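These are the residues of each chain, in order.
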Amino acid sequence: MDADERAALAAMLEPELKPYDDRFQRHHRLPPTGLDREAVLAEMRELQALEEARWSDGYASGAVYHGDPDHIAFMNEVYALNSQANPLHADLWPSATKYEAEIVAMVASMLHGGDAHEDAPAVCGTVTSGGTESILLAMKTYRDQARAERGVTEPNIVAPVSAHAAFDKASQYFGIELRRVPLGRDFKAEVSVARQLVDADTVAMVGSAVQFPQGVIDPIEELAAVAAELGIGFHTDSCLGGFVLPWAERLGHPVPPFDFRVPGVTSMSCDTHKFGYAAKGTSVVLYRDPDLRAHQYYRTAEWPGGLYFSPTFAGSRPGALSAQAWAALVSIGEEGYLEATRRILAAAAVMRDGVAAIDGLELHGDSLWLVAFGSSDPDVGIYAVLDQMGHRGWSLNGLQQPPSVHLCTTLRHTADGVAERFLTDLAAAVEAVRADPGAGGSMAPVYGMAASVDGRGTVEDILRTYVDVLYRV
Ligand SMILES: Cc1ncc(COP(=O)(O)O)c(C=O)c1O
């Protein structure tokens, strides 16, 4: 991309990323004297009101997983009560330690990691700041375990192409080679190829239940069996599926084993801040064996600031977020999660059936609650459909390899009429694209560029332009 192309891209991105230019005062530096608190709150209320309707009325894929006003009010009250807590100071806030230990125990138990109070050693773990941190920590843990126990100095992990970008992030951050397992036509990892990719430097294998793009479950039992046979760890990423699959199974849906019931599974990630319905900022990473978890902890005995150790990447952490996650779990309970899952799967079934019936669209994968679709009709550019949905208020996810779009069903889509509105708008979007394939899309060209073969350079240009626009005041 040359300078003109970058400027054109910036001009395209600006209205999406900076809609408030000139509508609110901009702060380039600290105000000389503090602003009136009421004025600050008034401005924030205005911004919040501008933004609430879209996610609240069910126009977003994923993003807000619960969002009922009474649940939000409860979460906010919990935050206010715990706003000063910091789990780093376990002496000052033993309540935070209690919440975190119990969050880990409850999630481990949900994923069949045994009950913490039984004599048998139960699955253990830590609370983290989100799915990405859970994954980063697990991969760092396996790297350090392999270095300590097997002397591995050039580690690799073997993960499906569809595994979350956080695994690639871990690879880049921690110097771990990422070996990608291709997917079959069903979008699930090819076990036989996975086996071939493993060698003496492999520190862990990975599968997802469910993966982000199509929401399908990798063949966890088969993949984990390979890992067990070869004596290496296996991580199931259940950031997105961990709080849905156990309840879907209880509701009678076919859910292949993916959790600690599978003998080869040695660690898992599961997000409280998605379908656990906690506020954003918490997830859980679990390990079958406390010896493995020990490799996650940072410690130093030499620092003049004293003996220091921390379980996760952060030092100080918001105890209020852990309190919220705990409060969400115990206030919703098994019955609440079961009912929420029942509603979500019912809404997703309506949307999936409806998408399958739209001429020009094809469903991708056999997900229970993600609605992923593409088009093989040359007159229906799927990114143009994505743009058309954007014009109708929808915030869906654009995917690539293959070009496609998904909506992750949440409780926001279970309200009366939302699933039907999605289908009506989608049918209209497809018709609009058919009528005028080149019609005014803003993101379609960006996806097109990112997916084009001149690859990395273009992606780098897009990223730099995006970040420049993002942080421009
Ligand atoms: C399967 C999967 N893993 C990991 C993540 C990362 O989660 P987070 O955005 O909380 O870091 C996501 C997020 O959507 C996901 O879908």
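Cut-offs used in this document
- Every chain's residues receive numbers from 1 upward, in the order its sequence appears when written.
- Residues qualify for local features only when their pLDDT is at least 70, as the model is predicted, and side-chain atom pairs are given and counted only at 80 or more; totals for whole chains, interfaces and linings, by contrast, use all residues.
- Only hydrogens and water are removed before side-chain values are computed, so all heavy atoms of the structure are retained for them.
- Summary of the distance rule: residues count as near a molecule or strand when at least one heavy atom falls within 4 Å of that molecule or strand.
- Under this definition, polar contacts are N or O atom pairs within 3.5 Å; protein pairs additionally need one hydrogen-donor-capable and one acceptor-capable atom, and for neighbouring residues in sequence, both atoms have to be side-chain atoms.
- Shrake-Rupley sampling with a 1.4 Å probe provides the accessible areas, and residues are treated as covered by the protein chains on show and by no other component.
- Secondary structure elements are defined from DSSP: runs of H or I of at least 4 residues count as helices, runs of E of at least 2 residues count as strands, and each element is numbered from the N terminus.
- Residues were grouped as follows: Ala, Val, Leu, Ile, Met, Phe, Trp, Tyr, Cys and Pro as nonpolar; Asp, Glu, Lys and Arg as charged; and all remaining residues, including Gly, as polar.
- Residue burial is assigned from relative accessible area. The probe radius is 1.4 Å, only protein chains are included, and a residue is buried under 20% of its type maximum, exposed over 50%, and partly exposed in between.
- Criterion used throughout: strands pair if DSSP finds at least two bridges between them.
- To get an axis, fit a line to the C-alpha atoms, keeping to the stretch in contact for a helix; angles then go from 0 to 180 degrees between the N-to-C directions.
- In this analysis, two residues are considered to be in contact whenever any of their non-hydrogen atoms come within 4.5 Å of each other.
- The term nonpolar core refers to a set of buried residues drawn from Ala, Val, Leu, Ile, Met, Phe, Trp, Tyr and Cys, joined through side-chain atoms within 4.5 Å.

Draft legend 1. Broad picture of the site of the ligand. Close contacts around the ligand come from 13 residues, with G131, T132, D237, H273 and K274 the closest. Separating a nitrogen atom of the ligand from a side-chain N or O atom of D237 is a distance of 2.6 Å. Note that an oxygen atom of the ligand is positioned 3.5 Å from one of the side-chain N or O atoms of D271. Considered on its own, the ligand offers 400 Å² of accessible surface; in the complex 85% of this is hidden by protein. By residue number, the principal contributor to the shell around the ligand is helix α5 (residues 131-150), which donates 3 residues. For the shell around the ligand, the per-class residue count stands at 5 nonpolar, 5 polar and 3 charged.

Draft legend 2. Quick peek at unusual backbone geometry. Cis geometry marks the peptide bond from A209 to V210; its omega dihedral reads 10°. In this structure, V210 sits in the loop between β4 (202-208) and α8 (220-230). Cis peptide bonds are those with omega within 30 degrees of zero, and the linkage from Q401 to P402 qualifies with 5°. Along the chain, P402 turns up in the loop between β12 (397-399) and β13 (404-408). The phi torsion at A63 lies on the positive side, around 70°, for a residue other than glycine. Judged by its relative accessible area of 46%, A63 falls in the partly exposed class.

Draft legend 3. Main features of the sheet that holds strand β1 (residues 124-128). One open sheet holds the 7 strands; their spatial order is β1-β7-β6-β5-β4-β2-β3, and the pairing between them is mixed. The open sheet has two edge strands, β1 and β3 (177-181), and neither has a second partner. Along the sheet, successive strands turn relative to each other by an average axial angle of 20°, direction set aside. Running at roughly 150° to β3, helix α6 (residues 165-174) makes contact with β2 (156-160), β3, β4 and β5 (233-238) of the sheet.

Draft legend 4. Just helix α12 (residues 382-391), in detail. Of all the 10 residues making up α12, 8 are buried; the element is thus mostly covered by neighbouring parts of the structure. Every buried residue of α12 is accounted for by I382, Y383, A384, V385, L386, D387, Q388 and M389.

Draft legend 5. Focus on the nonpolar core. Membership of the largest hydrophobic core comes to 61 residues, with the highest contact counts inside it found for V107, L111, M205, F275, Y277, L286 and W369. For this core, the elements supplying multiple residues, two or more each, are α3 (69-81), α4 (94-110), α8, α9 (245-250), β6 (267-270), β7 (283-287) and α11 (319-356). The leading source of residues in this core is α11, at 11 residues. Discounting chain neighbours no more than four positions away, the residues touching L111 are G242, P246, F258, D259, F260, M268, C270 and L286. Core analysis: the second largest hydrophobic core is formed by 26 residues, V371, M389, L396 and V418 among them.

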